[in-house]
Amino acid sequence: MFVCWIDELQWMIIACSDSRVDPALVLGLGLGEAFIVRNIASLVPPHSKESGHSSGASAIEYAVLHLKVEHIMIVGHSRCGGIKALLGMKEDGSNRFSEYIEDWIAIANNASKTAKAKCSHDSPFEDQWTCCVKESVNVSLWNCMSYPFVKEAVQQKKLALHGAYFDFVNGDFQRWALNYRVDEPESL
Ligand SMILES: [Zn+2]
């Protein structure tokens, strides 16, 4: 268990449903200390009325506009099965294996492309896997910014977005901030 820096309901945490990475246990959270959403691979869908991914979107809306959290942290983790499945998906859909799962993890398609480009074919699959988890967190951070109420709160410095990676094998917990500058909103 980690020494927790979270002491009030100022944080929203988005984590994977994987039973090995319960954020309340990992971060030592007590009741009432964080607003938590868990889903396959800790993903945030982009802002869209048509995507059908309204569960995550409504949770973010509630956290930002009603709870007025000051931080959103997206936590990826080592050996994430959802991200492993993402890396195995073929672009033409020829190896489809599920009715719903692939449509969900496809949210992080760009992370898969980035990880495959960054890691050579000679490197161990574990390296590509780890890279893809971290890149998927970054995709979700930018997807957060596609929600107008999130973008506005970040620009007004009322809200900060953080990425994190939890390695449950060696107990390492890394955290980083979204690299966002107010003077480059057009790139969002
Ligand atoms: Zn996972």
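Residues numbered from 1 in each chain as written. Predicted model: local features only at pLDDT ≥ 70, side-chain atom pairs only at ≥ 80, totals over all residues. Heavy atoms only, no water.

## Considerations on the UniProt feature "binding site: Zn(2+)" (unreviewed entry) in the protein
UniProt tags Cys16, Asp18, His77 and Cys80 as "binding site: Zn(2+)" (unreviewed entry). A compact arrangement is adopted by the annotated residues: their sequence extent is 65 residues, whereas the largest C-alpha distance between any two is 9.0 Å. With respect to the helices and strands, the residue Cys16 is situated in strand E1 (residues 11-16). Each residue touching Cys16, except ones within four places of it in the same chain, is listed here: Val21, Arg38, Asn39, Ile40, Ala41, Ser42, Val75, His77 and Cys80. Tracing the chain through its elements places His77 in strand E3 (residues 71-77). The exposure class of His77 is buried, given its relative accessible area of 1%. (UniProt positions renumbered as here; feature names shortened; annotations may be inferred. Helix = DSSP H or I, 4+ residues; strand = E, 2+ residues; numbered from the N terminus. Contact = heavy atoms within 4.5 Å. Buried < 20%, exposed > 50% of the residue type's maximum accessible area, 1.4 Å probe, protein only.)

## So, a nonpolar patch on the surface
On the surface, Ile40, Phe97 and Ile101 cluster together into a nonpolar patch covering about 260 Å² of accessible area. On the basis of relative accessibility, which here comes to 36%, the residue Ile101 falls in the partly exposed class. (Patch = residues over 30% accessible without salt bridge, like charges linked within 9 Å, V, L, I, M, F, W, Y side chains within 5 Å. Areas by Shrake-Rupley, 256 points an atom, 1.4 Å probe, with all protein chains shown as cover. Salt bridge = Lys/Arg side-chain N within 4 Å of Asp/Glu carboxyl O.)

## Some details on the pattern of salt bridges
Evaluated as defined, the whole model comprises four salt bridges. With its nearest N and O atoms 2.7 Å apart, the salt bridge here joins Asp18 to Arg20. Exposure remark for Asp18: the relative accessible area of 15% places this residue in the buried category. Classification of Arg20 by relative accessible area gives partly exposed; the value is 44%.

## Observations concerning the coordination of the zinc ion
In the first shell of the zinc ion, the protein supplies Cys16 (SG), His77 (NE2) and Cys80 (SG), at 2.0 to 2.3 Å from the metal. Within one chain, the residues serving as donors to the zinc ion are arranged as C-x60-H-x2-C. One end of the pair, Cys16, is in strand E1; the other, Cys80, is in the loop between E3 and helix H3 (81-88), and 64 residues separate them in sequence. Comparing Cys16 with Cys80 shows no difference in burial state: the two are buried. (Donors = N, O, S within 2.8 Å, 3.2 Å for Na, K, Ca; no water.)

## Describing the packing of aromatic side chains
In the structure shown here, the tally under the stated rule is four aromatic pairs. With a centroid separation of 5.8 Å and an interplanar angle of 45°, the aromatic rings of Tyr147 and Phe149 are classed as tilted. Judged by its relative accessible area of 2%, Tyr147 is buried. Against the face of Tyr165 rests Lys134, its NZ or CZ located 4.8 Å from the ring centre. (Phe/Tyr/Trp six-rings, centres within 6.5 Å; stacked < 30°, edge-to-face > 60°. Lys NZ or Arg CZ within 6 Å of the ring centre and 35° of its normal.)

## Some thoughts on the layout of surface pockets
Regions of empty space are outlined by a rolling probe, equal in size to a water molecule, passed over the atoms. One number sums up the size of the largest pocket: a volume of about 280 Å³. As for the largest pocket, its lining consists of 14 residues, and the residues nearest its centre are Leu86, Met89, Lys90, Glu91 and Asn109. At the level of secondary structure, the elements contributing two or more residues to the lining of the largest pocket comprise helix H4 (101-105) and helix H5 (109-118). In terms of residue count, the dominant contributor to the lining of the largest pocket is H5 (four residues). (1 Å grid on protein atoms, 1.4 Å probe; cavity = no way out; pocket = protein on both sides within 12 Å on 5 of 7 lines; lining within 4 Å. Points joined across faces, edges and corners; volume = space filled by probe spheres on them.)

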